[in-house]
Every structure is written in C-alpha cells, then in structure tokens.
Amino acid sequence: NISALIPFYSAVKKDEVSRVTPFVGVLAAVFTLIFGVLLGVEKLDLFQFLIFLILIGGALLVGRPRFELLGILAGVVFGLSLVLAKAVYQETSFLNGFILARGGDVRVGLSLFLWPKNRAALRANWHLIHGKIVSMIGLAKILVSSGFLLQHYAIFLGSVILVQALAGLQYVFVWLIVSVVALFWKRIHHERFVLAT
C-alpha cells in the first residue's frame, strides 16, 4: 500500500483531493476486479457485477484529475495489493494475514530513508512538526488506521471486489468534509465545488 500512496499523494499535491480520491478509488476497484479474476482469487456473478457497476458509477461522475498517470499508477498498485491481501486471508487467519501484509509496508516505509534526499527533507522540516500539527497528524493516523483495519477485516470476511467498490461511499464523505472544512480553513480554498459535481 505504501507503494501506491506515493503516486496518490503526489497527485493530491498537484490537484484537488475531491477529484483525485474518487478517480483513484474507481481505478483501484476496477483493477481489483481485473486482478481478482485473473489471479483466480474470486469472481463475480452477473448480479454482483451489476452491483459493482452501480457502486463505482457515482464516483465516475465526480470527474478526472489533471494528473491522471499518477492516479492510474496508484489505482493499479492499490488494486493489486488488495487482491494479494485477499489471497493471503484465504490461506490464514485475519490476524496472521494482516501482520504479514503490514510487515511489507513497514519494510517499504523504512526503505524510503535509504535516500539521503528523504532524510534531509525530514530533518529540514522537523522543526515545523509541533503542537497543533502533531495533534492533527496523530488524529489522522488513528482514523486512517481504524478505517484500514475495518476495510481489511471486511475483505477477510467477504468479497475484496465488492468491498473496494463499496469504498466509493468514502468519496461522498470526503466531498462533504472537505466542503465544510474549506469554509473555515482557508488553506484549502483551492477546493472548488460546483453544482455539476
């Protein structure tokens, strides 16, 4: 997942989060379907496929970001990682599978510090991380971790393809939360919401 987060956050940095997130999410769902079927992890019957199309259809209406290549790369990697996680969950318990998968993320995350440029950037910005920012980062990490754990438990219990498609509901919440926060926090004033969206 960390490998997918790098192009995802690069795309968010260059475009609106309310456009990038649905785009990447739809692509992740599509690639989850493709990889799930190709690797024989699971398949959908006709009714489930129609549900899949309905679930991802709403996110398609939001539009495309300007940095599509980064979004496509993130979607491919997210989709493949979810299918591989489901394959692991089919062979072991949830806890064992989750720990195995997260172990890979920890290794990839730590490998980012092998590049001197990354270490220098962290040192240069370390003084900016204090007070309110630390609290916001901590809260964000708690929320993300909770959502991630619940998503993976749902994948363990059911269809990885439909769970990823159902994740499209998060885009409704992203849109609502960002639109409300943008009213009070002028740093994200570049988020534009039009009636068509």
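Below: a short report on this structure. (Residues numbered from 1 in each chain as written. Predicted model: local features only at pLDDT ≥ 70, side-chain atom pairs only at ≥ 80, totals over all residues. Heavy atoms only, no water.)

Moving on: the environment of V17. Checked against the element boundaries, V17 lands in helix α2 (residues 17-38). Assessed through its relative accessible area of 23%, V17 is described here as partly exposed. The sequence separation of V17 and V174 amounts to 157 residues, and the corresponding C-alpha distance is 8.3 Å. (Helix = DSSP H or I, 4+ residues; strand = E, 2+ residues; numbered from the N terminus. Buried < 20%, exposed > 50% of the residue type's maximum accessible area, 1.4 Å probe, protein only.)

What follows deals with the packing of helix α4 (residues 68-89) against helix α7 (residues 131-157). Taken N-terminus to C-terminus, the directions of α4 and α7 make an angle of 55°; their axes are 9 Å apart at the nearest point. For the element pair α4 / α7, the angle class is oblique. Of the two possible hands of crossing, α4 and α7 adopt the one that is right-handed. Only Q151, H152, I155 and F156 of α7 make contact with α4, whose side of the interface consists of L82, A85, K86 and Y89. (Axes fitted to C-alpha atoms, helices over the stretch in contact; angles between N-to-C directions. Parallel < 35°, antiparallel > 145°, perpendicular 65-115°, else oblique. Left-handed = near helix turned anticlockwise from the far one by under 90°. Contact = heavy atoms within 4.5 Å.)

It is worth spelling out the nonpolar core at this point. If you look at the biggest cluster of nonpolar residues, it comprises 17 residues, and the most contacted ones within it are L44, F52, I56, Y89, I155 and I161. Not counting residues within four places of it along the chain, the set of residues in contact with I155 comprises L82, K86, Y89, V160 and V163. Within the second largest apolar cluster, eight residues are counted, among which are A4, V20, V24 and A28. (Core = buried A, V, L, I, M, F, W, Y, C linked by side-chain atoms within 4.5 Å.)

Under the criterion given, the structure shown has ten aromatic pairs. A ring pair is formed by F94 and Y153, whose centres lie 5.1 Å apart and whose planes are at 80°; its orientation type is edge-to-face. With F94 in helix α5 (residues 94-111) and Y153 in helix α7, this pair connects stretches of sequence that are 59 residues apart. Exposure remark for F94: the relative accessible area of 14% places this residue in the buried category. Linked through ring pairs, Y89, F94, F98, F148, Y153 and F156 together constitute an aromatic cluster. The ring of F98 is capped by R102, whose NZ or CZ atom sits 5.4 Å from the centre of that ring. (Phe/Tyr/Trp six-rings, centres within 6.5 Å; stacked < 30°, edge-to-face > 60°. Lys NZ or Arg CZ within 6 Å of the ring centre and 35° of its normal.)

The analysis is restricted to geometry; functional conclusions fall outside its scope.
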